[in-house]
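Structural features, examined
Here's the letter readout for the chains.
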Amino acid sequence: VISAPDSALDGPRPDPAPVEYAGLLTRTIGMAIDALLINVVAALASGAVLLVRALFSVGAPRDTTALAVIGSCLYVIFVLVYFVGFWTTTGQTVGNRVMQTRIVAANGGNLPPRRGLTRMLGMMISIPLLWGFLPILVTPRRRAVCDLMARTVVIFVAPAEQPNDPPAP
Amino acid sequence: MLRELASAAVRPAARLGRDVDRRTRHVLSESSRRALLSSVDVTLATVDGVLSSEVLDDVAARVRASGVLERLDAALSAAADSPEAAKLIRTVMGSRAVDTAFELLLENDALWRVVDEVAQSPAVSRAISHQSVTFADEVADVARNRARGADDRLERLARRLTGQGRVRPADAPARQSPSP
């Protein structure tokens, strides 16, 4: 457990519980669960759309470029809504919930939508060679580049602290 | 004409017969119903009287005082632990009768219908789903615990590689409230 004296931003508190920050592997597993879920949902939705389209398409096949562009845009929007929605409402995606972690603002509290979008941007630029996640290993509060950009931390939560039913974004 | 006269003469008699029959059935059914209820009432009252009396307490106390239960328990334990009992069980289980009984049981369609009914019952479905959730929770618990341990090991390795060593007090993270 990594712990330190009270932050000045929190104000006087009688006995704050020590906070444990989630490390690289825990966060990677949570991300993998989210990625799996997102891709399964996207694949099912794509399959349904293609089946319906096959019912109504008559004659020669049309150019599918426009369809691919629309699908890609919808996919990006879905990913954005999924992550930013969960981060800013419950602080937990499905992967976070399974791994019992939560994203909170560095000074405590929920994440505002704008900082959620900033964090998403930070995650996207961190993906090449996963360079943006390596700081988790060496920074004191196990923060990645996206955490530093959005001023967030990822902490472990006890099962009792988890919200019962996280609302869909 | 003759037929009409005959039927006019017989009709009141038939009506009277039906009426008598109905009344008799009613009286008999009412009597038998009352008799049944009375017998149930008497039985329950008797049982209630016996249970509320001190007779049962006396009987139980005497049985306890006589040590019959201890002797019975000791005798049963000795019989169950004896080599003869083991030999008897081996003989019975090794006999062809048991094999035949099991074969006949497995060939019985009624058994598989019962199994199907039980497997499709809501209670069993609920139990299986609860078991699945518990198993998933256990898997997630194991993954979480192992990941936490691996997090620490990875961090130590990274700090060793970067020459940072242990966490310096100045680098120590601020304690904060996890919830808003």
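Residues numbered from 1 in each chain as written. Chains lettered and ligands numbered in written order. Predicted model: local features only at pLDDT ≥ 70, side-chain atom pairs only at ≥ 80, totals over all residues. Heavy atoms only, no water.

**Things to note about the overall build of chain B**
The secondary structure content of chain B amounts to seven helices and zero strands. For chain B, the succession of helices and strands along the chain, N to C, is α-α-α-α-α-α-α. Burial statistics for chain B: of 180 residues in total, 9% are counted as buried. Working note: accessible area of chain B is about 15000 Å², and carbon and sulfur atoms make up 63% of it. (Helix = DSSP H or I, 4+ residues; strand = E, 2+ residues; numbered from the N terminus. Buried < 20%, exposed > 50% of the residue type's maximum accessible area, 1.4 Å probe, protein only. Areas by Shrake-Rupley, 256 points an atom, 1.4 Å probe, with all protein chains shown as cover.)

**Observations concerning unusual backbone geometry**
All names here are of chain A. Phi at Gln100 takes a positive value of approximately 55°, unusual for a residue other than glycine. Along the chain, the position of Gln100 falls in the loop between helix 3 (94-99) and strand 1 (101-105). Taking the relative accessible area as the measure of exposure, Gln100 reaches 11% and is therefore buried. One non-glycine residue, Leu129, lies in positive phi territory at about 60°. Mapping Leu129 onto the fold places it in the loop between helix 4 (113-126) and helix 5 (145-150).

**Considerations on the layout of surface pockets**
In this approach the atoms are scanned with a rolling probe the size of a water molecule, which exposes any empty space left behind. Residue and element names in this part refer to chain A. Considering only enclosed or pocket space, the largest pocket measures out at about 650 Å³ in volume. Those elements giving two or more residues to the lining of the largest pocket turn out to be helix 1 (24-56), helix 2 (65-89), helix 3, strand 1 and helix 4. At 11 residues, the largest contribution of residues to the lining of the largest pocket is made by helix 1. The residue makeup of the lining of the largest pocket, split by class, is 24 nonpolar, seven polar and three charged. (1 Å grid on protein atoms, 1.4 Å probe; cavity = no way out; pocket = protein on both sides within 12 Å on 5 of 7 lines; lining within 4 Å. Points joined across faces, edges and corners; volume = space filled by probe spheres on them. Nonpolar A, V, L, I, M, F, W, Y, C, P; charged D, E, K, R; others polar.)

**A closer look at helix 4 (residues 83-94) of chain B**
When the terminal C-alpha atoms of helix 4 of chain B are compared, their 16 Å separation across 12 residues agrees well with the 16 Å that a helix rising 1.5 Å per residue should span. Among the 12 residues in helix 4 of chain B, one count as buried, and that is only a small part of the element. (Expected span 1.5 Å × (residues − 1).)

**Remarks on the packing of aromatic side chains**
What describes a pair of aromatic rings is the distance from one ring centre to the other and the angle between the planes of the rings. Using the criterion set out here, one finds four aromatic pairs over all chains in the structure. Ring centres of A:Tyr82 and A:Phe83 lie 5.2 Å apart, and the angle between their planes is 90°; this geometry places the pair in the edge-to-face category. Given a relative accessible area of 5%, A:Phe83 falls into the buried group. Here a set of aromatic residues connected by ring pairs shows up, and it is made of A:Phe78, A:Tyr82, A:Phe83, A:Phe86 and A:Trp87. Directly above the ring of A:Trp87 sits A:Arg119, whose terminal nitrogen or CZ lies 4.6 Å from the centroid. The lysine or arginine in question, B:Arg148, covers the ring of A:Phe156, its NZ or CZ lying 3.6 Å from the ring centre. (Phe/Tyr/Trp six-rings, centres within 6.5 Å; stacked < 30°, edge-to-face > 60°. Lys NZ or Arg CZ within 6 Å of the ring centre and 35° of its normal.)

**Notes on the pairing of strand 2 (residues 152-156) of chain A**
All names here are of chain A. With five of its five residues buried, strand 2 lies for the most part within the structure. Strand direction decides the pairing type here: strand 1 and strand 2, joined by five bridges, are antiparallel. Its bridge partner being in strand 2, Thr101 is matched across the sheet by Phe156. (Pairing = 2+ DSSP bridges.)

**A look at the confidence of the model for chain B**
All names here are of chain B. Of the residues in chain B, 86% reach a pLDDT of 70 or more, and the chain-wide mean stands at 77. Here helix 1 (residues 2-52) is the element of chain B with the lowest mean pLDDT, 74, and helix 4 is the one with the highest, 86. In this model, residues 168-180 is a region of pLDDT below 50 whose contacts with residues beyond four sequence positions or in other chains number 49 contacts. Complex prediction metrics read pTM 0.54 and ipTM 0.71. (pLDDT = per-residue confidence, 0-100. Contact = heavy atoms within 4.5 Å.)

**With respect to the pattern of salt bridges**
Tallied over the entire structure, the rule returns seven salt bridges over all chains. Here B:Arg144 and B:Asp141 are joined by a salt bridge, their closest N and O atoms 2.3 Å apart. Here B:Arg144 and its partner B:Asp141 are both found in helix 7 (residues 122-162), three residues apart, which amounts to about one turn of the helix. Salt-bridge contacts for B:Glu155 lead to B:Arg159; the nearest nitrogen and oxygen are separated by 3.6 Å. Of this pair, B:Glu155 and B:Arg159 both sit in helix 7, four residues apart, which is roughly one turn of the helix. Comparing B:Glu155 with B:Arg159, the two get one shared label, buried. Among the ionic contacts, a cluster of salt bridges with common partners joins A:Arg142, B:Asp152, B:Glu155 and B:Arg159. (Salt bridge = Lys/Arg side-chain N within 4 Å of Asp/Glu carboxyl O.)

**Remarks on a nonpolar patch on the surface**
Residue and element names in this part refer to chain A. A contiguous nonpolar surface patch, about 690 Å² in accessible area, is contributed by Ile70, Leu74, Tyr75, Val76, Ile77, Leu80, Val81 and Leu117. Element by element, the count of residues in the nonpolar patch is highest for helix 2, at seven residues. On the secondary structure map, Leu74 appears in helix 2. (Patch = residues over 30% accessible without salt bridge, like charges linked within 9 Å, V, L, I, M, F, W, Y side chains within 5 Å.)

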